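Listed below are the residues making up each chain.
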Amino acid sequence: MMARTGSLLAQAGLAQAGFEGPDVEWFALSPLIVLVGASLVLLVLGALTPTWPRGWYAGVTVVAAVAAGALAMFQWDDITDGSPATLVGRALAFDTFAQFVTISICAALVGVALVTSDALHRSGRDDPETYALFLVAAAGGVVMGAANDLVVLFLGLETMSLAFYVLAASDRRRTQSQEAGIKYFILGGFSSAFFLYGIALLYGAVGSTNLGEIVDSFDTVVPAQADDALLLAGVALLMVGFAFKVAAVPFHVWTPDVYQGAPTPVTSLFASVGKVAAVAALVRVLVVGLGHYRDDWQPVVWVLAVASVFVGSVLAVVQTNVKRMLAYSSITHAGYILVGLEAAAHRAGEADSGAGVPSIAFYLIAYAVIVTGTFAVVALVARNNEGATDLDSFRGLGQRHPALALALTVFLLAQAGVPFTSGFIAKFGVISAAVTERSYAIALIAMVASVIGAFLYLRIIVFAWMQDEEPDTIAADGSVLGTTESVTIPFATGLFIAAAVAFTLFVGVLPGWLLDAADVTVDLAR
Amino acid sequence: MEGPTPFPILTLLVVVPVIGSIVTALVPKGRPDVVKLVALGSAIVTGAFSLWLLAEFETGEGGFQLVSQHQWIERWGISWHLGVDGISLLLVVLTGILFPLAMVAVDAHHDDKPYLAWLLLLEAGVMGSFLSLDLFLFFICFEIVLVPMYFLIGGWGYGDRVYAATKFFIFTMFGSAFMLVGIIATVVLARQHGVGETTFDLVRIANEATFPASTGRWLFFAFAIAFAVKVPIFPLHTWLPDAHTQAPTAGSVILAGVMLKLGTYGLLRFGVYLFPEAADWSRPLFLTLAVIGVIYGAIVATMQRDLKRLVAYSSIAHLGFIVLGTFAMTSQAITGGVLQMVNHGVSTGALFLLVGWIYERRHTREISELKGLQSVAPIFAAAFTVVMLSSIGVPGLNGFVGEYLVLVGSFLSARWWTVVAATGVILAALYLLWAYQRVFHGPPDTDEHGEPKPFAELTAREGLVMAGFIGIIVFTGVYPKPLIDRVQPSVDALITHVEDKADITIATPTVVEVDEPGDGGEGEGEHESSEPAGAATAEDQ
């Protein structure tokens, strides 16, 4: 046991005399340290000092997120110049895929923090706890994206999840929010149990929880048939846990309720950071750790992907609440990402795992920006309608605030995969990865489902632009009366929305540089 | 042939409308005159470029001209690759002319600014689709066209406009879903079957890749579904009547005038050109569907009570002729098909304009609620007559040229289909003349005092626009040679390419086969059973 220095359990034993601890590469860990440090600063100083001026809590969060993202970018060249490595006794992977995930998470965190700042200030609850939890969740996500050991992965997962449970329930005045918190907590705890039991079975079969060591043992020892059952059961349970976290059908049932109930900025954190981290961990575990068993898990991924794209888009269409719609659309996006994973599965464990992993990496960063942007607009609209996010509250947005409606349109078209948006390139990437591996069926199914999905986004756009206001709110001269107040876009949120729109369109037109960056991620550490 | 022109005229054809669209959107709301000026200005500049293109175009040259190619997404072998040949030239010019005319002819009934901005974006998308020689570039242009059209129908349409817009979007996107997978599969498979690297370059794939027969057929059908929806070919046509009827007048003009041509053009450029063997193999299917479209469209058009719906269904019939010509695959038939694309764009575009003006004046398009317009508005009626006759295909007007060439060309290679399709010409006369008779003849409507209800004559602006249309109609009808001279070399090059690639001879008269009893119906590919000897004779003209 002690020999397995990869796990954090061993780190706890550092103090024991005569034990040689693993080297800690402080610079490589710096993004993580910045995120955790900032959350501690917020918690401690926030508790000791009187309320800070408006925006300061969010400011600290944004600075931390930007710093962490920038550090991850600085490390990029270190990795591409050399080769992917592992950190802290193989506990964490230090490869471009992990950096990509870190950068995606930090970008999403910046957006969420800016939006939250405005939302919380408005409701007079601008407290440091929320931001501290954001940072903790992001740190958990970063750990998940880099975890090279199942136990470390579990730690990251729980760190993120526990923060999420609290955040879901953080709007104490709304019972829906409480309900969402409880639902998320119970179901999430349940799935964590599956996940943990899967790890246990896997450990029983292989004798290690370290992904690198698991692969090594497969490389050298052909597993006996008897162990196979244990191992396959472990893989199955792991995938249940993952499917829950990425919200893939049929483990998606919690998503609409939680997405709808949680405060909107928090929902955007679930949809971006939560999904990115879970997908990244899933990819690493399956492609790196269990590549030898790809024939066993690939069909499962196929079914999850097809079920997600279809059920997600069909159920999204019949919703009347925009947050619920977006919840189902996030299920569809999970499906598309799984299409990319299915493609990667064809060559999982090989030196060159094909276009699958880069397509997922690209999808994750594009999706993280689009989805946080979408929820930022939704949060602004909801704010002007006493928190209501049903379709009717989007009615006539195009007349009340064309700029906001335009931004929403860009994000929704990007989610639908319309050309000249990053969403299109992302979708093109995963579909092309699937076709390259000759998975024609799944590619076709995904594209057809995207047509159904497009209907959903069009519905929202239609409400925003084409449905006229209720007749009594329109004066004779055509100007709008009776809307609660003139819509003003707070500076921070507006800034983020503008940046997200710019990114979405820019990457849609000139995706070359980001594709090049994503392409490097194929080289995973182990 | 000269080297590539230093002046990037094709790129400008795509970029100018985009810039125009952005500038239009940025003009402050309080300046409607500036909005109109900017939008119309960029449409006219684009139109002028397209005319310049017509002048620059080397007549008699079959290949792609004025090609401009720039790396775009190097990793995926995608480039900004534009080129024009005889098949796309006229469609580009048609696009360039039709947009400014449509903008001048009708004003949006509200919100000028977004309306014009969307129209310009639409123009850019259409231009890009016609000009691109890169599969990826083509796909995104083909796909982006949906967005402005969706907003135009949904925002400025009539009646059940959101339903129509959504149906249009979903139908077309459904087809595109197959095409996207088809495009990627084509590129991936082409890499293995001859091209050797990942490239979306249409010309390279068409020339270098040799797909196994069944692979080619699957790929062909992935493309064909998208185009069949766009054309639309018979069972996939149900979006068209709704979209056309509910669209704003300019939207209908553009939709019928150029956007449907994306489908027929796509069938030629990305179906027949890329997958000759598969296109040849599937001829019986497409010929049959084309003929069904001709007859079905005409019969349903006869039954319509709404004038605009009638024109919409007549489009299905006319496009049936184009598909017939495309899959007859003889030189005249395809040339006729290309001309018919342009002619249908002009005459149906003009018909939609006239119907739109009737609606503006009377606020109804019901045939039963209109009568005797001729006596109150004789000039209007005269314009309508000319356009209608052109749409029927009366000799001396443009409609005749295309239809005649299609029928003559198809008769060589697809005789019985042609025989059936020819009745469509008669049916066209039936529904259009009957509708004309009901709307324009007879005593005019009277108001409660017994006075004839007013119906304004063509205004000067409307008259000018109509004069433009009628000028093209008459010119093409009387002297189509310049058009044919430009189209035919490219069509011949295409046919040579098809014959080389698929190792077939196309213009096989069906006489040999049809004489055999028990071989009725459509199931057989004629070229297989008949001697190649009799074939080559009929092919070249």
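Predicted model only: the values in this text are computed from it and were never measured.

Before going further, it helps to examine the overall build of chain B. Looking only at helices and strands, one finds 24 helices and 2 strands in chain B. Computed over its C-alpha atoms, the radius of gyration of chain B comes to 23 Å, within 12% of the 24 Å expected for a compact globule of 541 residues. A burial count over chain B gives 63% of its 541 residues as buried. A sequence separation of at least 24 residues applies to 80% of the contacts in chain B between residues at least 6 apart.

We now examine the overall build of chain A. In terms of regular secondary structure, chain A is built from 20 helices and 2 strands. Rg of the C-alpha trace for chain A: 22 Å, near the compact-globule value of 24 Å for 526 residues, within the 12% margin. Overall, the C-alpha framework of chain A stretches about 80 × 60 × 40 Å when taken along its three principal axes. Expressed as a percentage of its 526 residues, the buried residues of chain A come to 63%. Counting contacts in chain A only where the partners sit at least 6 residues apart, residues at least 24 apart contribute 80% of the total. Accessible area of chain A: about 18200 Å², with a carbon and sulfur share of 67%. Each charge class in chain A can be summarised by its mean position, and for the 23 positive and 39 negative side chains these summaries are 7 Å apart.

A separate point is the pattern of salt bridges. Residue and element names in this part refer to chain A. The final tally for this structure, using the stated rule, is 21 salt bridges over all chains. In this structure, aspartate 171 and arginine 173 form a salt bridge, with 3.9 Å as the shortest nitrogen-oxygen distance. Among the salt bridges present, the one from lysine 183 reaches aspartate 257, with a minimum N-O distance of 2.9 Å. Taken together, the residues span a long stretch of sequence, with lysine 183 in helix H7 (residues 175-206) and aspartate 257 in helix H10 (residues 254-261) at a distance of 74 residues. Note on lysine 183: relative accessible area 28%, which makes it partly exposed. The structure contains a network of salt bridges with shared partners spanning Glu179, Lys183, Asp257 and Arg324.

What follows concerns the confidence of the model for chain B. Residues and elements named next belong to chain B. Averaged over chain B, the pLDDT score is 84; the fraction of residues at 70 or greater is 92%. Within the model, pLDDT remains below 50 along residues 509-541, and this stretch shows 42 contacts once partners closer than five positions in the same chain are excluded. Both scores are given for the predicted complex: the pTM is 0.85, the ipTM 0.81.

Bringing the packing of aromatic side chains into the picture now. In this structure the tally under the stated criterion is 56 aromatic pairs over all chains. Ring geometry for tryptophan 72 of chain B and tryptophan 80 of chain B: centres 6.5 Å apart, planes at 80°, overall edge-to-face. A residue is classified by how much of its surface remains accessible, and tryptophan 72 of chain B, at 17% relative accessible area, is buried. An aromatic cluster is defined as three or more aromatic residues linked by ring pairs; in this entry it consists of Phe164, Tyr165, Tyr184, Phe185, Phe244, Trp254, Tyr259 and Phe270 of chain A. Over the ring of tyrosine 158 of chain B we find arginine 365 of chain B; its NZ or CZ atom is 5.5 Å from the centre of that ring. Positioned above the aromatic ring of tyrosine 359 of chain B is the side chain of arginine 365 of chain B, whose terminal nitrogen or guanidinium carbon lies 5.0 Å from the ring centre.

Below, the discussion takes up helix H5 (residues 128-146) of chain A. For the α-helix, the turn length of 3.6 residues means that residues three or four positions removed from each other point alike. In a regular helix each residue adds 1.5 Å, so 19 residues correspond to 27 Å; H5 of chain A covers 27 Å between its end C-alpha atoms and thus fits that length. With respect to burial, H5 of chain A is a largely interior element, 16 of its 19 residues being buried.

For the rest of this paragraph, the subject is the packing of helix H4 (residues 112-131) of chain B against helix H6 (residues 146-156) of chain B. All names here are of chain B. Remark: H4 packs on H6, axes separated minimally by 8 Å, with the N-to-C direction vectors making an angle of 150°. By the angle class used here, H4 and H6 are roughly antiparallel. Once H4 is placed against H6, the crossing between them reads as left-handed. In contact with Pro114, Tyr115, Trp118, Leu119, Leu121 and Leu122 of H4, H6 contributes Val147, Pro148, Met149, Phe151, Leu152 and Trp156. A breakdown of the residues in the contact of H4 with H6 according to their chemical character gives 12 nonpolar, no polar and no charged.

This part is about helix H2 (residues 26-48) of chain A. All names here are of chain A. Between the first and last C-alpha of H2 there are merely 29 Å, a value that for 23 residues lags more than 12% behind the 33 Å anticipated at 1.5 Å per step. At leucine 32, H2 shows its strongest bend, of approximately 45°. Turning to H2, its buried residues number three or more, namely Ala28, Leu29, Ser30, Pro31, Leu32, Leu35, Ala38, Ser39, Leu42 and Gly46. Residues of H2 that are buried make contact with helix H3 (56-81), strand E1 (85-87), strand E2 (92-94), helix H4 (96-122) and H5.

Residue and element names in this part refer to chain B. Of all 7 residues in strand E2 (residues 78-84), 7 are buried, a share of seventy percent or more. Side-chain alternation along E2 places Ile78, Trp80, Leu82 and Val84 on one buried face and Ser79, His81 and Gly83 on a second face that is also buried. Where strand E1 (residues 65-73) and E2 come together, 6 bridges link them in antiparallel fashion. Bridge pairing in E2 places serine 68 opposite leucine 82. Hairpin connection from E1 to E2: 4 residues lie between these consecutive antiparallel strands, with glycine 77 at a positive phi of about 65°.

To continue, consider the side chain of lysine 308 of chain B. All names here are of chain B. Mapped onto the elements of the fold, lysine 308 is located in helix H14 (residues 307-328). We note that lysine 308 is buried and unpaired, the nearest opposite charge coming from aspartate 306 at a distance of 7.6 Å. At a separation of 3.4 Å, a polar atom in the side chain of lysine 308 contacts the main-chain carbonyl oxygen of threonine 245. A polar atom in the side chain of lysine 308 sits 3.3 Å from the side chain of serine 252. Excluding anything up to four places from it in sequence, lysine 308 contacts Tyr158, His244, Thr245, Ala247, Pro248, Thr249, Ser252, Phe352, Val355 and Arg365.

Our focus in this paragraph is the nonpolar core. Soluble, globular proteins show a tendency: their nonpolar side chains are buried together. Residues Trp297 of chain A together with Leu135, Phe136 and Leu324 of chain B are the most contacted members of the largest nonpolar core, which totals 397 residues. With 20 residues, the single largest contributor to this core is helix H14 (residues 356-383) of chain A. If near-sequence neighbours (up to four positions away) are discounted, phenylalanine 136 of chain B is found in contact with Phe424, Ile425 and Phe428 of chain A together with Trp72, Ile73, Ile78 and Phe200 of chain B.

Before going further, it helps to spend a moment on the interface of chain B and chain A. Contacts between the two partners involve 32 residues from chain B, matched on the other side by 37 residues from chain A. Carbon and sulfur atoms make up 84% of the area that chain B and chain A hide from each other, which totals about 3200 Å². There are 2 salt bridges connecting chain B and chain A. The shortest N-O distance in the salt bridge between arginine 75 of chain B and aspartate 516 of chain A comes to 2.6 Å. Our enumeration of links across chain B and chain A arrives at 4 residue pairs in polar contact (both at pLDDT 80 or more). Elements represented by at least two residues in the side of chain B that touches chain A include exactly E1, helix H5 (135-144), H6 and helix H7 (161-195) of chain B. Looking at the side of chain B that touches chain A, its residues break down into 24 nonpolar, 4 polar and 4 charged.

Taken together, Val41, Leu43, Val44, Leu45 and Leu48 of chain A make up a surface patch of nonpolar side chains, about 440 Å² in accessible area. By the element assignment, valine 41 of chain A lies in helix H2.

Let us now look at the packing of helix H11 (residues 249-272) of chain B against helix H15 (residues 331-362) of chain B. All names here are of chain B. Running from N to C, H11 and H15 point in directions that differ by 165°, and their axes come no closer than 7 Å. Considering their axes alone, H11 and H15 lie roughly antiparallel with respect to each other. Here the hand of the crossing between H11 and H15 comes out right-handed. Across the interface between the two elements, Thr249, Ser252, Val253, Ala256, Gly257, Leu260, Lys261, Thr264, Tyr265 and Leu268 from H11 touch Ile334, Val338, Met341, His344, Gly345, Thr348, Gly349, Phe352, Leu353 and Gly356 from H15. The class makeup of the residues in the contact of H11 with H15 is 10 nonpolar, 9 polar and 1 charged.

Cis geometry is found at the peptide bond from valine 249 of chain A to proline 250 of chain A, where omega equals 5°. Here proline 250 of chain A is to be found in the loop between helix H9 (225-246) and H10. The omega torsion of the bond from valine 231 of chain B to proline 232 of chain B falls at -5°, within 30 degrees of zero and hence cis. The topology assignment puts proline 232 of chain B in the loop between helix H9 (213-230) and helix H10 (239-246). Positioned with a positive phi, phenylalanine 420 of chain A is a non-glycine residue whose angle comes to about 70°. Positionally, phenylalanine 420 of chain A belongs in the loop between helix H16 (402-416) and helix H17 (422-436). Of the residues examined, phenylalanine 420 of chain A reaches a relative accessible area of 27% and is grouped as partly exposed. The backbone of methionine 329 of chain B sits at a positive phi, close to 60°, despite the residue not being glycine. Tracing the sequence through the fold places methionine 329 of chain B in the loop between H14 and H15. Owing to a relative accessible area of 1%, methionine 329 of chain B belongs among the buried residues under this scheme.

With that out of the way, let us pick up the environment of phenylalanine 286 of chain B. All names here are of chain B. As for its position among the elements, phenylalanine 286 is in helix H13 (residues 283-303). Between the alpha carbons of phenylalanine 286 and alanine 228 there is a distance of 9.5 Å; along the sequence they are 58 residues apart. Setting aside anything within four residues of it in sequence, one finds phenylalanine 286 in contact with Phe220, Phe221, Ala224, Ile233, Val323 and Phe327.

Parameters and conventions
- Residues numbered from 1 in each chain as written.
- Chains lettered and ligands numbered in written order.
- Predicted model: local features only at pLDDT ≥ 70, side-chain atom pairs only at ≥ 80, totals over all residues.
- Heavy atoms only, no water.
- Helix = DSSP H or I, 4+ residues; strand = E, 2+ residues; numbered from the N terminus.
- Rg over C-alpha atoms; globule rule 2.2 N^0.38 Å.
- Buried < 20%, exposed > 50% of the residue type's maximum accessible area, 1.4 Å probe, protein only.
- Contact = heavy atoms within 4.5 Å.
- Areas by Shrake-Rupley, 256 points an atom, 1.4 Å probe, with all protein chains shown as cover.
- Lys, Arg positive; Asp, Glu negative; His and termini not counted.
- Charge placed at Lys NZ, Arg CZ, Asp CG, Glu CD.
- Salt bridge = Lys/Arg side-chain N within 4 Å of Asp/Glu carboxyl O.
- pLDDT = per-residue confidence, 0-100.
- Phe/Tyr/Trp six-rings, centres within 6.5 Å; stacked < 30°, edge-to-face > 60°.
- Lys NZ or Arg CZ within 6 Å of the ring centre and 35° of its normal.
- Expected span 1.5 Å × (residues − 1).
- Axes fitted to C-alpha atoms, helices over the stretch in contact; angles between N-to-C directions.
- Parallel < 35°, antiparallel > 145°, perpendicular 65-115°, else oblique.
- Left-handed = near helix turned anticlockwise from the far one by under 90°.
- Nonpolar A, V, L, I, M, F, W, Y, C, P; charged D, E, K, R; others polar.
- Bend = angle between axes of the 7 residues up to and from the residue.
- Pairing = 2+ DSSP bridges.
- Polar contact = N/O pair within 3.5 Å; in protein donor to acceptor, adjacent residues only side chain to side chain.
- Core = buried A, V, L, I, M, F, W, Y, C linked by side-chain atoms within 4.5 Å.
- Buried area = accessible area lost by both parts, 1.4 Å probe.
- Patch = residues over 30% accessible without salt bridge, like charges linked within 9 Å, V, L, I, M, F, W, Y side chains within 5 Å.

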